[in-house]
Amino acid sequence: MNFFDRIFFWLTPPKKEHPIIYGRGIHALPNPDEKELFEKASDAFIQGDILSGYEQFLTSLIHKELFLSHFTIEKKEDSIHFILIQGCALIKGVITQKFCEAHADIARSKELHVALKRRFLERNFQLTYCRFSDVNGVIKLSIKFDNATITPQKIFFPLREIALNADFEKEFISSEFDESVLLDYDHILKIEPEKVIRLYSIMQKWIKETKQSLIGLLSNDNTGMASFSYLSLLLQIDYLILPHKKMAKNINEKINGYFIDDEKLTEDKNADLENYLNELETMNIESFSTQLYDSAYTFSPYDQAMHDEISAFIDESLNKVRWYKNNRTNYVISVIYRYIALYTLYNYGLHPSLRALFHLHVEIYTGDFFKDAGEIPLYDPITRTFKQALIDQRINEAIAPYTNRYKGLRNFSTLLNYSDLDHFSHSFYLQIKNLDYTEV
């Protein structure tokens with residue numbers, strides 16, 4: 001940290017960081033008392049105090065510093081009523097001394113295509129705890145279990161399954177059919193028109209920049225470079241713009257389709273990615289606006305990955321960087337560095353500290369986006385300088401809350417190479433790869 005960075009940091013300390021509002025994970029930090037509440041719930045269940053146990057457990061699911069309310073609990077004399085939000089879905093539940101039941105109203109069955117009704121029947125064979133049913137003209141997803149041998153684990157997994165699947169099915173209906181058939185949809189928040197215009201404009205800018213960067217390369221044997229460019233762009237759109245409905249479904253299919261081990265040539269897969277980017281480029285702003293909304297989430301759609309998996313992916317990606325460096329193909333190197341963070345955020349369930357760190361890298365590489373959103377850019381591509389004091393602060397904010405639990409976890413900000421963007425990225429990923437998440 002140079003002298004002027006220190007002066008800036010002392011005189012204008014950065015505001016407290018809020019939970020990350022980008023990507024498809026939970027837009028909040030875990031409840032700081034989650035472990036203690038979980039243990040209290042277990043003790044209460046052992047003692048036969050069922051309602052108290054449920055109250056402790058449900059409270060442990062309430063996130064810290066969430067912008068949107070996602071969980072309400074109402075305790076009555078002989079029961080507990082709760083409502084949780086998972087994207088498109090509202091899960092309403094009732095708990096008594098003897099049982100717990102919850103349901104999500106999906107859609108009006110009379111207005112659904114027969115193919116959808118058949119889909120719900122088939123989905124029942126894929127689910128472990130909950131079931132779809134038609135009750136009085138309403139398609140519901142429901143769970144009910146007995147409290148005779150209840151534990152926090154026996155509550156968590158059924159609630160997570162009903163929440164994730166109710167949200168998934170309502171998203172599917174809204175992407176393929178008329179969303180007017182959906183029930184309990186009023187909690188979805190529309191995006192302000194000014195923000196829609198900003199997101200649409202920046203998406204068009206990213207597409208044009210990516211196409212421009214590949215001019216003169218596509219005619220040569222540069223399929224790998226094109227792949228990284230197209231995938232990075234789609235991942236960036238998915239993470240920062242966060243589209244829903246048809247657009248989210250298509251992006252997911254294009255990205256996952258690229259990695260399917262089939263007989264398709266890489267050139268053909270790149271052509272599929274390029275064609276979809278052309279579709280996005282010609283999409284009008286009216287259609288684009290229908291793909292955006294805000295909502296709260298209770299459960300993450302990802303299972304948390306082991307740090308060894310993250311380290312292996314970083315290693316594999318940095319080996320590709322070395323290959324391109326050795327072959328004097330410098331253009332793609334910065335694209336791969338950008339791709340590493342975006343793909344990790346897309347593909348893995350991350351510890352909150354890791355999610356904050358990979359988001360930090362995204363923020364450094366997309367300063368214009370965050371500047372337009374009212375944030376201070378962390379890197380200036382014109383002067384090629386970093387806001388080192390702010391970056392150091394953000395790394396500390398990501399790591400410091402967890403050092404008591406992981407005694408080997410260390411702030412690595414002083415070990416980073418700020419000489420240029422590529423050296424920063426390389427040193428940044430090496431430090432993340434070697435983080436120690438061993439619990440004492």
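These numbers come from a predicted model, not from an experiment.

1. Here's the deal with the side chain of Thr 96
Mapped onto the secondary structure, Thr 96 falls in the loop between strand 3 (89-95) and strand 4 (99-108). Owing to a relative accessible area of 17%, Thr 96 belongs among the buried residues under this scheme. Here Thr 96 is in contact with Ile 50, Leu 51, Asp 78, Ser 79 and Asn 147, once residues within four sequence places are set aside.

2. Quick word on the pattern of salt bridges
For side chains bearing opposite charge, pairing can occur when the charged atoms are close. Under the definition given, this model contains 21 salt bridges. Across the pair Glu 363 and Arg 394 runs a salt bridge whose closest N-O atoms are separated by 2.6 Å. You can see Glu 363 sitting in helix 13 (residues 352-365) and its partner Arg 394 sitting in helix 15 (residues 388-399), a full 31 residues away along the chain. Assessed through its relative accessible area of 4%, Glu 363 is described here as buried. Among the ionic pairs, Arg 405 bridges to Glu 439, the shortest N-O distance being 3.2 Å. Of this pair, Arg 405 sits in the loop between helix 15 and helix 16 (421-433) while Glu 439 sits in the segment after helix 16, and the two are 34 residues apart along the sequence. Residue Glu 439 is classed as partly exposed on the basis of its relative accessible area of 45%.

3. Things to note about the packing of helix 8 (residues 245-259) against helix 9 (residues 266-282)
For the pair helix 8 and helix 9, interaxial distance at closest approach is 10 Å and the crossing angle is 165°. In terms of axis orientation, helix 8 runs roughly antiparallel to helix 9. Seen from above, helix 8 lies across helix 9 with left-handed handedness. Residue-level inspection shows Met 247, Asn 250, Ile 251, Lys 254, Gly 257 and Tyr 258 of helix 8 in contact with helix 9, the latter providing Thr 266, Lys 269, Asn 270, Asp 272, Leu 273, Tyr 276 and Leu 280. Of the residues in the contact of helix 8 with helix 9, the class split is six nonpolar, four polar and three charged.

4. Quick word on a negative patch on the surface
A cluster of acidic residues, Asp 33, Glu 36, Glu 39 and Asp 43, forms a negative patch at the surface. On the basis of relative accessibility, which here comes to 43%, the residue Glu 36 falls in the partly exposed class.

5. Description of the pairing of strand 5 (residues 131-135)
As paired strands, strand 5 and strand 6 (residues 138-146) are joined by five bridges and run antiparallel to one another. The partner of Arg 131 across the bridge, within strand 6, is Ser 142. Taken together, strand 5 and the strand that follows it, strand 6, pair antiparallel across an intervening segment of two residues, in which Asn 136 is found at a positive phi of about 55°.

6. Details of the sheet that holds strand 2 (residues 80-86)
The strand order 1-2-3-4-6-5 describes an open sheet built from six strands, whose pairing is antiparallel. The open sheet has two edge strands, strand 1 (71-75) and strand 5, and neither has a second partner. Going from strand to strand, the sheet's axes swing by 25° on average, the running direction of each strand aside. Relative to strand 3, strand 2 runs antiparallel, the two being bridged by seven bridges. Among the inter-strand pairings, Ile 85 is bridged to a residue of strand 3, identified as Leu 90.

7. Digging into the packing of aromatic side chains
Tallied over the full model, the rule gives 33 aromatic pairs. With centroids separated by 5.8 Å and ring planes inclined at 35°, the aromatic side chains of Trp 206 and Phe 369 adopt a geometry described as tilted. Of this pair, Trp 206 sits in helix 6 (residues 193-214) while Phe 369 sits in helix 14 (residues 367-372), and the two are 163 residues apart along the sequence. Aromatic side chains Phe 412 and Phe 428 sit 5.9 Å apart centroid to centroid with 75° between the ring planes, which places their arrangement in the edge-to-face category. One end of the pair, Phe 412, is in the loop between helix 15 and helix 16; the other, Phe 428, is in helix 16, with 16 residues separating them in the sequence. Overall, the relative accessible area of 3% leaves Phe 412 in the buried class. You can call Phe 428 buried: its relative accessible area is 0%.

Definitions and limits used
Residues numbered from 1 in each chain as written. Predicted model: local features only at pLDDT ≥ 70, side-chain atom pairs only at ≥ 80, totals over all residues. Heavy atoms only, no water. Helix = DSSP H or I, 4+ residues; strand = E, 2+ residues; numbered from the N terminus. Buried < 20%, exposed > 50% of the residue type's maximum accessible area, 1.4 Å probe, protein only. Contact = heavy atoms within 4.5 Å. Salt bridge = Lys/Arg side-chain N within 4 Å of Asp/Glu carboxyl O. Axes fitted to C-alpha atoms, helices over the stretch in contact; angles between N-to-C directions. Parallel < 35°, antiparallel > 145°, perpendicular 65-115°, else oblique. Left-handed = near helix turned anticlockwise from the far one by under 90°. Nonpolar A, V, L, I, M, F, W, Y, C, P; charged D, E, K, R; others polar. Patch = residues over 30% accessible without salt bridge, like charges linked within 9 Å, V, L, I, M, F, W, Y side chains within 5 Å. Areas by Shrake-Rupley, 256 points an atom, 1.4 Å probe, with all protein chains shown as cover. Lys, Arg positive; Asp, Glu negative; His and termini not counted. Charge placed at Lys NZ, Arg CZ, Asp CG, Glu CD. Pairing = 2+ DSSP bridges. Phe/Tyr/Trp six-rings, centres within 6.5 Å; stacked < 30°, edge-to-face > 60°.

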